[in-house]
There are 2 protein chains.
Amino acid sequence: MKKRYIMSPGPTEIPAEVLVEAAKPIIHHRTPQYRNVLAEVLEGLKYVFQTKNDILIFPSAGTGAMESAVCNLVSPGDKVLVASVGNFGERWVKIAKAYGANVEHLAFQWGYSVDPAKIEEKLKSMPEISVVYTTLSETSTGVENDIKAIGKIVQKYNAVLVVDAVSGMAAVEFKTDEWNVDVVVVGSQKGLMLPPGLSFVSLSNKALELAKKSVSPKFYFSYESALKSLKAEKLPDTPYTSAVSLIMQLKEAIKLIRDEGIENIWKRHSKLASATRAGIQALGLKLFPIDSYSNAVTAINVPDGIDGSIFTKKIRDEYGITLAGGQGQIKGKIFRIGHLGYADTFDVIIAISAVEMALYELGYPVELGAGVKAAEKELLKK
Amino acid sequence: MKKRYIMSPGPTEIPAEVLVEAAKPIIHHRTPQYRNVLAEVLEGLKYVFQTKNDILIFPSAGTGAMESAVCNLVSPGDKVLVASVGNFGERWVKIAKAYGANVEHLAFQWGYSVDPAKIEEKLKSMPEISVVYTTLSETSTGVENDIKAIGKIVQKYNAVLVVDAVSGMAAVEFKTDEWNVDVVVVGSQKGLMLPPGLSFVSLSNKALELAKKSVSPKFYFSYESALKSLKAEKLPDTPYTSAVSLIMQLKEAIKLIRDEGIENIWKRHSKLASATRAGIQALGLKLFPIDSYSNAVTAINVPDGIDGSIFTKKIRDEYGITLAGGQGQIKGKIFRIGHLGYADTFDVIIAISAVEMALYELGYPVELGAGVKAAEKELLKK
């Protein structure tokens, strides 16, 4: 017997209350019963997003929602700005280029966060920029961007601000409307504590106005047809078959989120992240981010003399804990501990303990218990 | 207490063995454990599709897979042929037009099937046609097209044959390779006995060659990137997060399909469909299709004097059975009984009995038990 833990930055563990919902008999999507559930989860998502804007749900991975924010907002040749700090930020560049956008790329060095002043410089010098794409919590580097500051800048210009909050939503503080974020894209398998397979997009009026001008081809991810169904008579509907079982699970997840309260969720993630950082640093390891930390995931440099892939493989196969390695240019150089979604005090203890024990077994000089001690101290702070 | 039954042509009922799989703890998609499951379900799908071609899996509704067969195969201005017999066939026209295709539309009257000779006429007179889009089982009209005959024709020309088998796969007889079908698109919530949220596409070499020429924008549904991940070192992978819980359910559904055997599944559907037709006709009702019947779903004219929407609403709300009404131009004029996927003998009896009782209660002249009797006779045939 071996207990297994997912401590990757997504998919994350799913509460039993949410898991069992998927084991119930399926219901038909074109019924008042289902459309009432849809209305309920859409209201719930507005609370989670902290927005009054309409939210669309697609049966897709988060990448699909990202593509929707390109094919609905951009026409070939349009100038767009991407401010990236890692692998997922760079995905904006790939998608925008696939749609023929003229991409201005502010590529910050991995480990650093976006400098909002650089965005303002670009918007001043290139008033033709129609969309600014960036990332809330960059999963690949464990860096969080200052979306509040970026929103304050972008709202002064014609550009629409699109934020990938796939791994940040319902984990790190985020206020769609107060922070002037026009389009927010989110995936289900992170802070929302669901299996992967649903994505969400919120749309401001500024974004809707821009969407009217886009001539890029689209069908599945068309905002126009999704909005038409959303505003169907009496109750919201979908243009094609909805991912019914995942939506039923979302209903349960939203109940848990409402019970805890979104501010408390942000505080919990903040505390778990602080404790993780304290534990890691007490072991003499270095965090990968330089100027900002995400409260959803902690990225840590693999210490000298340790092979990153052997390290995470050992923890997965021998200890039963799935952490994440590095992606792209930092593959093998970092490992990542996810502490988002259905994560609590003793998940941090387990993660730090596993890191300690694995380093010890691999012959790295580490004092057993030192990381856990530091994490406990942090967790006990009021 | 009221037992509930889904007898729509999708979503269909899900076997308990498949349901419970979604209630198990989530596993991470970038692990050998998960990628082994992926390899297993891909092999299983090849058996279901009766193909040696590669199959791609997208986290999306069936409509997403349909779009993939446009954005990957068509460039703006390309001449394509759509042979449609109902609502879902016409969806090919909408998607192809969204991508700027020059659409030649063979729109057969609803209730009729595609005349393969008309396709040959078009291919002869327009050798520039690069893709032929059609439908196996047209869910909106209950009509099945002769894909074997169409495949025999299209293979002689340069055009690639794309078949929407969303509601036909694992229900009505279908042999991808033997029938020369280049691209087959399928959804999860029909014959495969899964919740909605996964789609599947099989691709012949002829299709892959055409895909290389397409300049339409794509990212989420890109065959190139999905194939690259499929052919990853050692085990198949996916370009972005996979819909893990649905894939685990697919693994179970494929076990059930293999246990029964695909030919037996086709025979079962054929018997259930015959019995449904016999029961309906014994009640004096008329089938909607004229020249061909789908074994996945039976479409029936709402009899004179009965309001179609009151009829299906009564059966749903009072009897607990979800049938389907009509779509598009035949909304309110027909109702449909799905008998596909996890459907057996007594599901037909329930459906016919419900139709009898509802008609009786609505004052339509019907002999109680007459439909069930005819269905039973048909079901008892060896």
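Residues numbered from 1 in each chain as written. Chains lettered and ligands numbered in written order. Predicted model: local features only at pLDDT ≥ 70, side-chain atom pairs only at ≥ 80, totals over all residues. Heavy atoms only, no water.

Draft legend 1. Structural detail: the confidence of the model for chain A. The share of residues in chain A with pLDDT of 70 or more is 100%, and the mean pLDDT across the chain is 97. Across the interface, the model reports ipTM at 0.96; the global pTM reads 0.97. (pLDDT = per-residue confidence, 0-100.)

Draft legend 2. Main features of helix α12 (residues 345-361) of chain B. Residues and elements named next belong to chain B. Between the first and last C-alpha of α12 there are 25 Å, a value that for 17 residues agrees with the 24 Å anticipated at 1.5 Å per step. Of all the positions in α12, only Val348, Ile349, Ala351, Ile352, Ala354, Val355, Glu356, Ala358 and Leu359 are classed as buried. Backbone geometry just after α12 places Gly363 at a positive phi near 85 degrees. (Helix = DSSP H or I, 4+ residues; strand = E, 2+ residues; numbered from the N terminus. Expected span 1.5 Å × (residues − 1). Buried < 20%, exposed > 50% of the residue type's maximum accessible area, 1.4 Å probe, protein only.)

Draft legend 3. Fine view of the nonpolar core. A:Leu73, A:Tyr133, A:Val183, B:Leu73, B:Tyr133 and B:Val183 are the most contacted members of the largest nonpolar core, which totals 210 residues. Discounting chain neighbours no more than four positions away, the residues touching A:Leu73 are A:Asp78, A:Val131, A:Tyr133, A:Val160, A:Val162, A:Val183, A:Ala207, A:Leu210, A:Ala211 and A:Ser214. (Core = buried A, V, L, I, M, F, W, Y, C linked by side-chain atoms within 4.5 Å. Contact = heavy atoms within 4.5 Å.)

Draft legend 4. Here's a closer look at the interface of chain B and chain A. Each partner contributes residues to the interface: chain B has 50 residues there, and chain A has 50 residues. Here chain B meets chain A over a buried area of about 3700 Å², counting both sides, of which 72% is carbon and sulfur. When the buried area of chain B at its contact with chain A is split by residue, B:Ile26, B:Phe219 and B:Tyr220 rank highest and sum to 17% of it. Our enumeration of links across chain B and chain A arrives at zero salt bridges. Of all the secondary-structure elements, those providing two or more residues to the side of chain B that touches chain A are α1 (16-21), α3 (62-71), α4 (87-98) and α9 (244-260) of chain B. It is α4(B) that provides the largest number of residues to the side of chain B that touches chain A, a total of four residues. Looking at the side of chain B that touches chain A residue by residue, the class counts come to 27 nonpolar, 15 polar and eight charged. (Buried area = accessible area lost by both parts, 1.4 Å probe. Salt bridge = Lys/Arg side-chain N within 4 Å of Asp/Glu carboxyl O. Nonpolar A, V, L, I, M, F, W, Y, C, P; charged D, E, K, R; others polar.)

Draft legend 5. The packing of aromatic side chains, seen in detail. Residue and element names in this part refer to chain B. Enumeration over the complete set of coordinates arrives at 16 aromatic pairs over all chains. Measuring from ring centre to ring centre gives 5.6 Å for Phe174 and Trp179, while their planes differ by 80 degrees; the resulting arrangement is edge-to-face. Take Phe174: its relative accessible area is 1%, and that puts it in the buried class. The exposure class of Trp179 is buried, given its relative accessible area of 8%. (Phe/Tyr/Trp six-rings, centres within 6.5 Å; stacked < 30°, edge-to-face > 60°.)

Draft legend 6. Examining the relation of the copies chain B and chain A more closely. It takes a turn of 180 degrees to lay chain B on chain A, together with a shift of 0.0 Å along the axis; the resulting RMSD is 0.0 Å. Interpreted geometrically, this transformation is the action of a two-fold axis. Scanning chain B for the C-alpha nearest the rotation axis identifies B:Ser60, at a separation of 2.5 Å. In this assembly, 100% of the residues forming the interface of chain B have copies in chain A that are likewise at the interface, indicating an isologous arrangement. (Least-squares fit on C-alpha atoms with pLDDT ≥ 70 in both.)

Draft legend 7. Region of interest: the sheet that holds strand β4 (residues 102-107) of chain A. All names here are of chain A. The sheet built from seven strands is open, its strands ordered β2-β10-β9-β8-β5-β3-β4 with mixed pairing. Each edge of the open sheet carries a strand with a single partner, namely β2 (54-58) and β4. Here the average twist between neighbouring strands, direction ignored, is 20 degrees. Strand direction decides the pairing type here: strand β9 (residues 183-187) and strand β10 (residues 199-203), joined by five bridges, are antiparallel. If you follow Val186 over to β10, its bridge partner there is Phe200. Strands in contact with helix α4 (residues 87-98) are β3 (79-84), β4, β5 (131-135), β8 (160-164) and β9; relative to β3, the strand with the most contacts, it is inclined by about 160 degrees. Running over the sheet, helix α8 (residues 223-230) touches β2, β9 and β10 and is turned about 110 degrees from β2. (Pairing = 2+ DSSP bridges. Axes fitted to C-alpha atoms, helices over the stretch in contact; angles between N-to-C directions.)

Draft legend 8. Looking closely at the pairing of β5(A). Residue and element names in this part refer to chain A. Taking burial as the measure, the five residues of β5 include five buried ones, the bulk of the element. The alternating pattern of β5 places Val131, Tyr133 and Thr135 and Val132 and Thr134 on opposite faces, both of which are buried. Across three bridges, the pairing between β3 and β5 is parallel. Across the sheet, residue Val82 finds its bridge partner in β5, namely Tyr133. Judged from the five bridges that link them, β5 and β8 form a sheet pairing that is parallel. Across the sheet, the residue bridging to Thr134 is Val163, located in β8.

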